[in-house]
Amino acid sequence: MAKRPKRTPSARPLIPPIDVSALKTYPLNKRHSKVRVSDFARPWPRGGSFAQFYKHLPDILAVKTLRAVAQAIAAAHRRGKPVIVGLGAHVIKVGLAPIVTDLMERGIVTAVAMNGAGIIHDFELALMGHTSEEVDAEIDDGRFGMAEETGRMLNDAIVRGAKDGHGLGEAVGYFIHESTNRFPHRATSLLATGVRLGVPVTVHVALGTDIIHMHPSADGAAIGATSLLDFRRLAAVVAGMEGGVYVNLGSAVILPEVFLKTVSLGRNLGHPLSKITTVNMDFLSHYRPSTNVVRRPTQKGGKGYSLTGHHEIMLPLLAAAIVEELG
């Protein structure tokens, strides 16, 4: 084995270590601390209530955000201000429609916006009591998205709604709500609940993204006209949300883009929207919701929040927290 060459001394003098003998310190009790024992969680007592659980969460980081969001929604409800929920379709297919419809029934959620996939899961659950196909198993044979009733009945409802001057959400909502014999599970439907309660449920479609667009009965003019009407209806709701709250629940692209445009449109028409609260809730942090929901709409005024976690845990937790905050 070859010998290592000997190191030759550097011509430069070594830098001496810093002298810390003159370091200035101060008493710990004079320092601000972000965490205190009084903020700690308390162990769960067997048989305890949710009110105890909520009260005994650690008052730190995400719990502070959860409480701030629940308090903002409760405050908006007390003042009669809008609370708008924009939800991705995943929220419906993980079993959370009853949570949202309950908040609608209580008058807490005053408007709902969804993407095009949302009406598919909403419709299939109301019709059959099940939804969400196995895409991996169906795509190879071209069977993905080819359920007969979903494509035919939804497109028929949209075409009929366009002729009647309805928005897309209203069109499908009326179809489910009024066809009592066809939809034994219509109580789960956000669209039908919106029609029944008079709560606007708008649908915002990107053509080609939803399985019903593959069906021969799809009518681009009807889809476009009804979805554009829904955009303008949502913009009217957002224009009046000064002092209110917008929650983006699981939409990574479509609804954050739609919401940003409704804010700009409302301000252009003279609505300041300077005291609004916006919230993004998803199990991953994405660029568009963080930028177009949390940051940009509130840079003029208001507050934006982010809550990260699985919908099937976080939404029931937030809903229960809102009910507790309302007393």
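Look up a bit, the structure's there.
These notes cover the structure that comes with them. (Residues numbered from 1 in each chain as written. Predicted model: local features only at pLDDT ≥ 70, side-chain atom pairs only at ≥ 80, totals over all residues. Heavy atoms only, no water.)

## A word on the overall build of the protein
Each helix and strand counted, the protein has 13 helices and six strands in total. Since a compact globule built from 327 residues should have a radius of gyration of about 20 Å, the 26 Å found for the protein marks it as more spread out than a globular shape. With the C-alpha coordinates aligned to their principal axes, the bounding extent of the protein is approximately 90 × 65 × 50 Å. Classification of the 327 residues of the protein by burial places 43% in the buried group. Pairs at least 24 residues apart make up 77% of the contacts formed inside the protein by residues separated by at least 6 positions. Total accessible area on the protein is roughly 18,300 Å²; 56% of this is exposed by carbon and sulfur atoms. Side chains of the protein carry 37 positive and 28 negative charges; the gap between the two charge centres is 18 Å. (Helix = DSSP H or I, 4+ residues; strand = E, 2+ residues; numbered from the N terminus. Rg over C-alpha atoms; globule rule 2.2 N^0.38 Å. Buried < 20%, exposed > 50% of the residue type's maximum accessible area, 1.4 Å probe, protein only. Contact = heavy atoms within 4.5 Å. Areas by Shrake-Rupley, 256 points an atom, 1.4 Å probe, with all protein chains shown as cover. Lys, Arg positive; Asp, Glu negative; His and termini not counted. Charge placed at Lys NZ, Arg CZ, Asp CG, Glu CD.)

## Looking at the sheet that holds strand S1 (residues 83-87)
The strand order across the open sheet built from six strands is S3-S2-S1-S4-S5-S6, with neighbouring strands paired in parallel fashion. On the outer flanks of this sheet lie strand S3 (201-204) and strand S6 (303-308), each paired with one strand and no other. Within the sheet, the average angular offset between the axes of one strand and its neighbour, ignoring direction, is 15°. Across six bridges, the pairing between strand S5 (residues 277-282) and S6 is parallel. (Pairing = 2+ DSSP bridges. Axes fitted to C-alpha atoms, helices over the stretch in contact; angles between N-to-C directions.)

## Observations regarding the packing of helix H5 (residues 116-128) against helix H8 (residues 168-178)
At a minimum axis separation of 11 Å, H5 and H8 run at an interaxial angle of 5°. Considered as vectors, H5 and H8 are oriented roughly parallel to each other. Here Ile119, Asp122, Phe123 and Ala126 of H5 come into contact with H8, specifically with Leu168, Val172, Phe175 and Ile176. The class makeup of the residues in the contact of H5 with H8 is seven nonpolar, no polar and one charged. (Parallel < 35°, antiparallel > 145°, perpendicular 65-115°, else oblique. Nonpolar A, V, L, I, M, F, W, Y, C, P; charged D, E, K, R; others polar.)

## A word on the packing of helix H7 (residues 148-164) against H8
Put simply, H7 and H8 touch, their axes get as near as 8 Å, and they point 120° apart. The chirality of how H7 crosses H8 is right-handed. For the pair formed by H7 and H8, the contact residues are Met153, Leu154, Ala157, Ile158, Arg160 and Gly161 on the first element and Leu168, Ala171, Val172 and Phe175 on the second. A breakdown of the residues in the contact of H7 with H8 according to their chemical character gives eight nonpolar, one polar and one charged. (Left-handed = near helix turned anticlockwise from the far one by under 90°.)

These figures come from the coordinates and say nothing about function on their own.
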